[in-house]
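# Observations on chain architecture
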Amino acid sequence: EVTLVESGGGSVNGGGSLRLSCVVSGYGWQSWCMAWFRQVPGKQREPVATINDDGLTTIADFVKGRFAVSQDVAKKTLYLQMNDLMTEDTAMYYCAADPSLLTYCSGVPPDEYNYWGQGTQVTVSS
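Read on for a plain summary of the structure.

## A few points about the state of the cysteines
Note on terminology: a disulfide is the covalent bond linking the sulfur atoms of two cysteines. All told, the structure shown has two disulfides when counted by the stated rule. With a sulfur-sulfur separation of 2.0 Å, C22 is cross-linked through a disulfide to C95. On the S-S bond that ties C22 to C95, the torsion sits near 65 degrees, and the link is right-handed. A residue pair is termed long-range when its members are at least 10 positions apart, and C22 in strand β3 (residues 18–25) and C95 in strand β9 (residues 91–99) qualify at 73 residues. You'll find C22 and C95 in the same group, each marked buried. One disulfide bridge connects C33 with C105, the sulfur atoms lying 2.0 Å from each other. Around the S-S axis, the bridge from C33 to C105 shows a dihedral of about -85 degrees and counts as left-handed. Note that C33 is positioned in strand β4 (residues 32–39) and C105 in the loop between β9 and β10 (115–116), a separation of 72 residues in sequence. The pair formed by C33 and C105 is uniform in burial state, with each residue classed as buried. Each bonded cysteine in the protein gets a number by its place in the sequence, and the pairs come out as 1-3, 2-4.

Definitions and cut-offs
Residues numbered from 1 in each chain as written. Predicted model: local features only at pLDDT ≥ 70, side-chain atom pairs only at ≥ 80, totals over all residues. Heavy atoms only, no water. Disulfide = S-S within 2.5 Å. Helix = DSSP H or I, 4+ residues; strand = E, 2+ residues; numbered from the N terminus. Buried < 20%, exposed > 50% of the residue type's maximum accessible area, 1.4 Å probe, protein only.

Structure (structure tokens):
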């Protein structure tokens with residue numbers, strides 16, 4: 001069984017930093033897409049960053065230059081480093097994963113990811 005467990009969320013002041021982690025276990029894929037999404041109440045889940053098994057990443061324009069996605073394959077862990085946080089970054093952040101042969105995972109919509117974490121809340125205050 002594939003499971004994803006996020007951690008690292010919390011409350012910070014604007015301009016602060018957080019690093020989210022997502023431990024992915026139970027998979028035997030050779031190729032994958034993994035992603036971070038975020039969602040605020042009343043809005044659709046939006047992609048923040050993606051990474052594939054080769055380490056190719058994509059970052060949403062609204063966080064480019066502030067957020068970075070990475071992975072430690074040996075530890076089966078996905079990371080999202082978030083710097084210079086702003087109040088509009090407040091959301092529930094989810095990691096997602098699925099086997100994939102795509103070079104760039106940015107075009108994969110949320111409903112095509114079969115595996116999700118439970119989410120971790122990030123709250124940024126001014």
